[in-house]
Amino acid sequence: MESSRRALFLREMGLGPVWRLRGEDSESGMPASEQSGKATRPIDAEVQVHVPVQPEVVQVPALAQDDRTARILRMDWAELTAVVATCQACPLAKTRTNTVFGVGDQQADWLIVGEAPGAEEDARGEPFVGQAGRLLDNMFASVGLKRGNNVYIANVLKCRPPGNRNPTPSEVAQCAPHLQRQIELIRPKLILAMGRFAVQALLDTDATIASLRGKLHRCQGVPLIVTYHPAYLLRSLTEKAKAWEDLCFAKRTMASLVTQ
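Residues numbered from 1 in each chain as written. Predicted model: local features only at pLDDT ≥ 70, side-chain atom pairs only at ≥ 80, totals over all residues. Heavy atoms only, no water.

What is the right way to look at the overall build of the protein in this model?
Of the regular secondary structure elements, the protein holds 10 helices and 6 strands. The buried share of the protein, reckoned over its 260 residues, is 38%. The contacts of the protein with a sequence gap of at least 6 include a subset with a gap of at least 24, amounting to 70%. Carbon and sulfur atoms provide 53% of the accessible area of the protein, an area that totals close to 15400 Å². (Helix = DSSP H or I, 4+ residues; strand = E, 2+ residues; numbered from the N terminus. Buried < 20%, exposed > 50% of the residue type's maximum accessible area, 1.4 Å probe, protein only. Contact = heavy atoms within 4.5 Å. Areas by Shrake-Rupley, 256 points an atom, 1.4 Å probe, with all protein chains shown as cover.)

Help me out: how do you make sense of the packing of aromatic side chains in this one?
Pairs of aromatic rings are described using the distance from one ring centre to the other and the angle between the two planes. Inspection of every chain in the model, using the stated rule, returns 3 aromatic pairs. Note on Trp77 and Tyr152: the rings are 5.7 Å apart at their centroids and 45° apart in plane angle, and the pair reads as tilted. Separated by 75 residues along the polypeptide, Trp77 in helix α3 (residues 77-85) and Tyr152 in strand β3 (residues 151-155) bring together distant segments of the chain. Residue Trp77 is classed as buried on the basis of its relative accessible area of 16%. For Tyr152, a relative accessible area of 1% translates into the label buried. Considering the side-chain rings of Tyr228 and Tyr232, the 5.2 Å spacing of their centres and the 25° angle between planes classify their relative orientation as stacked. Taking the relative accessible area as the measure of exposure, Tyr228 reaches 7% and is therefore buried. Taken together through their ring pairs, the aromatic side chains of Trp77, Phe101 and Tyr152 make up a single cluster. (Phe/Tyr/Trp six-rings, centres within 6.5 Å; stacked < 30°, edge-to-face > 60°.)

Help me out: how do you make sense of the nonpolar core in this one?
Where a protein is soluble and globular, its nonpolar side chains tend to be buried together. In terms of nonpolar packing, the biggest core is built from 56 residues, with Ile191 and Leu202 touching the most fellow members. Counting residues per element, this core draws most heavily on helix α10 (residues 240-258), which supplies 6 residues. Those residues in contact with Ile191, other than ones at most four positions away along the chain, are Leu111, Val113, Ile183, Leu202, Cys219, Val222, Pro223, Leu224 and Ile225. (Core = buried A, V, L, I, M, F, W, Y, C linked by side-chain atoms within 4.5 Å.)

I keep staring at the sheet that holds strand β4 (residues 190-194) and nothing clicks. Help me out?
Backbone hydrogen bonds are what pair the strands of a sheet, in a parallel or an antiparallel way. If you trace the 6 strands from one edge of the open sheet to the other, you get β1-β3-β2-β4-β6-β5, paired in mixed fashion. In this open sheet, the two strands that pair with only one neighbour each are β1 (103-104) and β5 (217-219). As paired elements, strand β2 (residues 110-114) and β3 share 5 bridges and run parallel to each other. Its bridge partner lying in β3, Ile112 is registered against Ile153. Packing of α10 onto the sheet brings it into contact with β2, β4 and β6 (222-227), and relative to β6 it is tilted by some 165°. (Pairing = 2+ DSSP bridges. Axes fitted to C-alpha atoms, helices over the stretch in contact; angles between N-to-C directions.)

Is there a simple way to think about the packing of α3 against helix α6 (residues 169-186) in this case?
For any two helices packed against each other, the geometry is given by the interaxial angle and the distance between the axes. Put simply, α3 and α6 touch, their axes get as near as 11 Å, and they point 160° apart. Judged by the angle between their axes, α3 and α6 are roughly antiparallel. As for the relative orientation of α3 and α6, their crossing is left-handed in sense. Listed contacts from α6 to Trp77, Leu80, Val83 and Val84 of α3 are His178, Arg181, Gln182, Leu185 and Ile186. (Parallel < 35°, antiparallel > 145°, perpendicular 65-115°, else oblique. Left-handed = near helix turned anticlockwise from the far one by under 90°.)

Any chance you could explain the packing of helix α5 (residues 130-142) against α10 here in plain terms?
Packing of α5 against α10 brings their axes to within 10 Å, and their N-to-C directions diverge by 50°. Comparing their axes, α10 and α5 come out oblique. Classified by chirality, the crossing of α10 by α5 is right-handed. Residues Leu135, Met139 and Ser142 of α5 pack against Lys240, Ala243, Trp244 and Leu247 of α10. Taken together, the residues that form the contact of α5 with α10 break down as 5 nonpolar, 1 polar and 1 charged. (Nonpolar A, V, L, I, M, F, W, Y, C, P; charged D, E, K, R; others polar.)

Would you mind going over the pattern of salt bridges with me for this structure?
Where charged atoms of side chains with opposite charge meet at close range, the side chains can pair. What the rule picks out here adds up to 9 salt bridges. Between Arg165 and Glu171 there is a salt bridge, with the nearest N and O atoms lying 2.6 Å from each other. Judged by its relative accessible area of 34%, Arg165 is partly exposed. Residues Lys242 and Glu239 are paired through a salt bridge, measuring 3.2 Å at the closest nitrogen-oxygen approach. In this structure Lys242 comes out as partly exposed when scored by relative accessible area, which is 33%. (Salt bridge = Lys/Arg side-chain N within 4 Å of Asp/Glu carboxyl O.)

Would you take a moment to explain the pairing of β6 for this structure?
The side chains of a regular strand alternate between both faces of the sheet. The buried count for β6 comes to 6 of 6 residues, which makes it a mostly enclosed element. A two-sided burial pattern is seen for β6, the buried positions comprising Val222, Leu224 and Val226 on one face and Pro223, Ile225 and Thr227 on the other. Both β4 and β6 contribute to a ladder of 4 bridges, which runs parallel. Its bridge partner being in β6, Ala193 is matched across the sheet by Val226. Relative to β6, β5 runs antiparallel, the two sharing 3 bridges. Residue His217 lies in a different strand from β6, and its bridge partner there is Leu224. Connecting the antiparallel pair β5 and β6 is a turn made up of 2 residues, with Gln220 showing a positive phi of about 55°.

Structural data, given as structure tokens:
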């Protein structure tokens, strides 16, 4: 009687018949092979709830990334250049035309670090070309510097984000060891970080450029000065005066470092 009421209740809930394993007796739920010679007895119906198995989430162990970074930090210039040229560490590899490794004097006192390649940089495989590059060259000339002459230029990202969108934290993280090794190989006396993403990546901070300007910071033990990216200055002409102040500060700082 109790079983009949329970079965009726289950049907009203739309739960349907009880699920059993293959080979089970239709009433007892025991394998038919074990029923031989045994008296059957009624049992209460049981509802078996099927819980779908969730797909396993595969995560790359932190040790794998640590091992990759360690390998990169042991590379010489030739190895590092080759690794960047064929890098597949993030999705940007699928959309780039060329990697943009860097250009200039590999023993330079000045290291200029930008954010990520734009369309022309992606097409030519060289950082800071086009309008932003021409403005940078003019900025150099104003303080007696010249591209390729005691100056090395690189970006945080070696591949262009589609549509010149902002780089993602994971993209920056994958490219960071390449720049870190470039800094170690060049051993510059001064780093000039241009643009928000370059500043945040090199100083590991979320602070604004405005709050960091005019101060001497350090990255991997190297003095670092913060300023605006030339592409930003093309859109914000009123900030050019501030960039000029930053360049003068950098020039004075370099003069003091050279005499030490």
